[in-house]
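# Fold and geometry: a report
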Amino acid sequence: MPPAAEENPLQPRWRADPLQASASAALRAIVGAENLLDSVADRFAYARDRLPWGLFQLRGGELPATLPAAIVLPGSGDELIGIVEAANRLRIRLIPFGAGSGVLGGTLPLSCEVIVDMKRINRLLHIDEIDGTARVQAGMNGGQFEAALNARGYTANHLPQSIHMSTVGGWAACRGAGQASSRYGKIEDIVIGLEAVLPDGRLLHVRPVARRAVGPSIKDLMIGSEGVFGFITELTLRIGRLPEYEAGAVYAFPSLQSGMDAMRTIVQREGRPSVMRLYDEPESRARTEGIEEFGERPILGIFKFSGPKGLALAEAALVHEICLAQNAVATDDGPYRHWEETRYQSYSIKWQTAGYCMDTVEVTGSWRALPEMHARMQQAVRSLHPEAHFGAHWSHIYPEGACQYMTLRLPPMGHAHAMRLHREAWRRIESICLELGGSIAHHHGVGVFRNEWLRAELGAGLDMLQILKDGIDPHNLLNPGKVGLRAAPGALEVPGTAR
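Every chain's residues receive numbers from 1 upward, in the order its sequence appears when written. In keeping with the model being predicted, local features are shown solely for residues with a pLDDT of at least 70 and side-chain atom pairs are shown and tallied solely at 80 or more, while totals for entire chains, interfaces and linings include all residues. The basis for the side-chain values is all heavy atoms of the structure; hydrogens and waters are excluded.

## Regarding the domain arrangement of the protein
When cut into domains, the protein gives domain 1 (5-117), domain 2 (124-241), domain 3 (245-342) and domain 4 (349-435). Domain boundaries shown here were taken from an automatic or database domain assignment. Just the C-alpha atoms count here: the centres of domain 3 and domain 4 sit 23 Å apart. Contacts between domain 3 and domain 4 engage 15 residues on the former and 17 residues on the latter. Both sides together, the interface formed by domain 3 and domain 4 hides about 1,300 Å², and carbon and sulfur atoms give 63% of it. It only takes one pair of heavy atoms within 4.5 Å for two residues to be counted as in contact. The term buried area denotes the loss of accessible surface (1.4 Å probe radius) that occurs when two parts are joined, taken as the sum for both partners.

Right under this line is the structure:
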């Protein structure tokens, strides 16, 4: 009997243009038939990342954008170069894909592009114990990378909540941050070299060196570019030794302002705990139930000290002194222990599967602006609906300011109304952020969902990026329509699509 035809579950209104036969043949010749996926089921599986709006669309019976035409999985840098060269010949649009953990729609196919899944290019290539660096391929899973380093006594010191569902290349592509960024910096501070395949198939090599002064940083054009300027294939990262000592501490602060003042003073006095976390009252309350000290001091602060024992203890003493000066008290370390146990877990799924619109937004503000930023954003979101939830914490702490990471939650309601309120919440938050001189994103990146605010954020800098894009990718083949740049002709319009 002939094989049964593939069942087609697609809705007629969904755009799902298949890959042309000539393009399919060219890609199969490069990677092998088993590494080109074009079934409806595979294409549907790659049709979104973890953008909450995309989940809400699926919940309402709609695709977030289009279906990709196909998914291709290169197994080497040479195969990737072959794919890019074929794309130029045949005018195939491509989207780089790591593990799909992005939350801004950076891999949404807006015009039935081909997804290039990088996970087969996934080896730890070398650890240099003299220079303290590791060379790793971009498709390696973040958790597996950290485990391989740990087995040798090292750590990347880049530990995002998404570590087990993200790739090292993805960290760099979206300019991400780990939970110890207050001490070690974000990924742009940890990556010291990289290789990438440019949109015309040329290989870009940024040698790993401690510092350079040879014009603008080419490395930093790639870190945060989300695939619009090329495919990051390999990275050299600064690594550190596993800490000989670790300890946590929990403090209860009388007010949010006193907690912010403590955090600011710690880093401005050269303190660098590996973890610093401050929660507003709603988020503190959820984590401190039953702890007596939080009855009168409702704001939670969590710290972690690590490294050589003498240094860690000295930092703990400095933090204790500063917190006491802000009328805080040390408490039971239960909230710290709970955070350690659950630090890589997401809370969104519980609410999203119950029909809520749950989302997170992270912005950066100065210490001068953060109190007003928090108060105004809280009021702006809560005024949208009587049951709207707004909570915030600060866990990426710098001498000049901090990242304000917010959780938004709307109760179950009609899909169209929920989508209007969800987008309005984003508009209010980002508008207040810009008005108060902040940055609209700290570590989640831009994708497509933040395109709306890129002109206000970058000004003439956005024109510079578009000129660069047009110069190295004149046919707009690599991830068009992302990071505020021009979408392809005929691209589906989703929130934030650039024209």
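There's more to say after this.
## Some remarks on the packing of helix α3 (residues 52-59) against helix α16 (residues 415-435)
Remark: α3 packs on α16, axes separated minimally by 10 Å, with the N-to-C direction vectors making an angle of 170 degrees. Taken as axis vectors, α3 and α16 run roughly antiparallel relative to one another. Between α3 and α16, the contacting residues are W53, F56 and Q57 on the first element and H415, M419 and H422 on the second. Under the scheme applied, nonpolar residues are Ala, Val, Leu, Ile, Met, Phe, Trp, Tyr, Cys and Pro; charged residues are Asp, Glu, Lys and Arg; polar residues are all the others, including Gly. Split into classes, the residues belonging to the contact of α3 with α16 amount to three nonpolar, three polar and no charged. Every axis corresponds to a line fitted to the C-alpha atoms, with the helix fit spanning only the stretch in contact, and the corresponding angles, defined between N-to-C directions, vary from 0 to 180 degrees. Helix and strand definitions here come from DSSP, where helices need a minimum of 4 consecutive H or I residues and strands a minimum of 2 consecutive E residues; each element is numbered from the N-terminal end. Our angle categories are set so that under 35 degrees counts as roughly parallel, over 145 as roughly antiparallel, 65 to 115 as roughly perpendicular, and the remainder as oblique.

## Description of the pattern of salt bridges
Salt bridge, as used here: a side-chain nitrogen of Lys or Arg that lies within 4 Å of a carboxyl oxygen of Asp or Glu. Scanning all chains against the criterion turns up 31 salt bridges. Put simply, D17 and R15 hold a salt bridge, and the shortest N to O gap is 3.4 Å. Among the residues examined, D17 registers a relative accessible area of 36% and is labelled partly exposed. In this structure, the salt-bridge partner of R269 is E321, at a minimum N-O distance of 3.1 Å. Residue R269 is found in the loop between α10 (256-268) and β13 (275-279), and its partner E321 is found in helix α12 (residues 309-325); the two are separated by 52 residues along the sequence. Per-residue accessibility, obtained with a 1.4 Å probe over protein chains only, is compared with the maximum for each type, and a residue is labelled buried under 20%, exposed over 50%, and partly exposed between these values. Residue R269 is classed as partly exposed on the basis of its relative accessible area, which comes to 42%. Looking at E321, the relative accessible area reads 44%, which means it is partly exposed. Three or more residues joined by partner-sharing salt bridges are found here, namely R175, K186, E188 and D220.

## Observations concerning the packing of aromatic side chains
Here the distance between the centres and the angle between the planes together describe a pair of aromatic rings. Two rings from Phe, Tyr or Trp (for Trp, the six-membered ring) form a pair when their centres sit within 6.5 Å of each other. Planes less than 30 degrees apart are called stacked, planes more than 60 degrees apart edge-to-face, and all others tilted. A complete count under the given rule lists nine aromatic pairs for this structure. An angle of 20 degrees between the planes, with centres 6.3 Å apart, marks the rings of W426 and W453 as stacked. Separated by 27 residues along the polypeptide, W426 in helix α16 and W453 in the loop between α16 and α17 (454-458) bring together distant segments of the chain. With respect to burial, W426 and W453 carry one shared label: buried. Sitting over a ring, as applied to charges here, requires NZ of Lys or CZ of Arg to be within 6 Å of the ring centre and within 35 degrees of the ring normal. Against the face of W351 rests R409, its NZ or CZ located 3.7 Å from the ring centre.

## Overview of the layout of surface pockets
Both cavities and pockets are sets of points on a 1 Å grid over the protein atoms alone; in a cavity a 1.4 Å probe fits but cannot get out, in a pocket the set is open with protein on both sides within 12 Å along at least five of seven lines, and lining residues sit with an atom within 4 Å of a point. Grid points are joined across faces, edges and corners, and a volume is the space filled by probe spheres set on the points. If you add up the space inside the second largest pocket, you get close to 720 Å³. Looking at the second largest pocket, it is lined by 33 residues, and the ones nearest its centre are R175, I223, G224, V446 and L458. The leading source of residues in the lining of the second largest pocket is helix α18 (residues 460-472), at five residues. Class assignment for the residues of the lining of the second largest pocket results in 17 nonpolar, nine polar and seven charged.

## Section: α16
With 21 residues, α16 should cover 30 Å at 1.5 Å per step; its first-to-last C-alpha distance of 30 Å lies within 8% of that length. Within α16, the full set of buried residues consists of A418, M419, L421, H422, R423, A425, W426, I429, E430, I432 and C433. In this structure, the buried residues of α16 make contact with α3, β16 (357-366), α15 (370-382) and β18 (401-410). Two residues or fewer after α16 comes G437, characterised by a positive phi angle close to 80 degrees. Here, expected helix span is obtained from the residue count minus one, scaled by 1.5 Å.

## Some thoughts on the pairing of strand β6 (residues 133-137)
The element β6 is extensively covered by neighbouring structure, given that four of its five residues are classed as buried. For strand β5 (residues 124-128) and β6, the ladder comprises four bridges, and the chain directions are antiparallel. Its bridge partner lying in β6, D128 is registered against T133. Pairing between strands is defined by DSSP: at least two bridges between the two strands are required. In sequence, β5 turns back onto β6 through a hairpin of four residues, with G132 there showing a positive phi of about 70 degrees. Inspection of the sheet shows β6 paired to strand β10 (residues 231-238) by five bridges, in the antiparallel sense. Looking across to β10, one finds that V136 is bridged to L235.

## Regarding the sheet that holds strand β15 (residues 329-330)
Spatially, the seven strands line up as an open sheet ordered β15-β12-β14-β13-β17-β18-β16, and their pairing is antiparallel. A strand with exactly one partner marks an edge of an open sheet, and here the two such strands are β15 and β16. Taken together, the ten bridges between β16 and β18 define a ladder with antiparallel strand orientation. Paired with V361 across the two strands is M406, which belongs to β18. α10 contacts β12 (245-253), β13, β14 (299-307) and β17 (389-397) of the sheet and is inclined by roughly 165 degrees relative to β13. Against the sheet, α15 touches β16, β17 and β18, its axis set at about 155 degrees to β17.

## Let's talk about the state of the cysteines
When two cysteine sulfur atoms are found within 2.5 Å, that pair is recorded as a disulfide. Scanning the entire structure with this criterion turns up zero disulfides. Unpaired in terms of disulfides, C323 finds its nearest cysteine sulfur in C403, a separation of 20 Å. Classification of C323 by relative accessible area gives buried; the value is 0%.

## Focus: the confidence of the model for the protein
Think of pLDDT as the predictor's per-residue confidence, scored from 0 to 100. Overall, the prediction assigns the protein a mean pLDDT of 96, with 97% of residues at 70 or greater. Under a pLDDT of 50 for its full length, residues 1-5 has, in the predicted model, zero contacts with residues more than four places off or in other chains.

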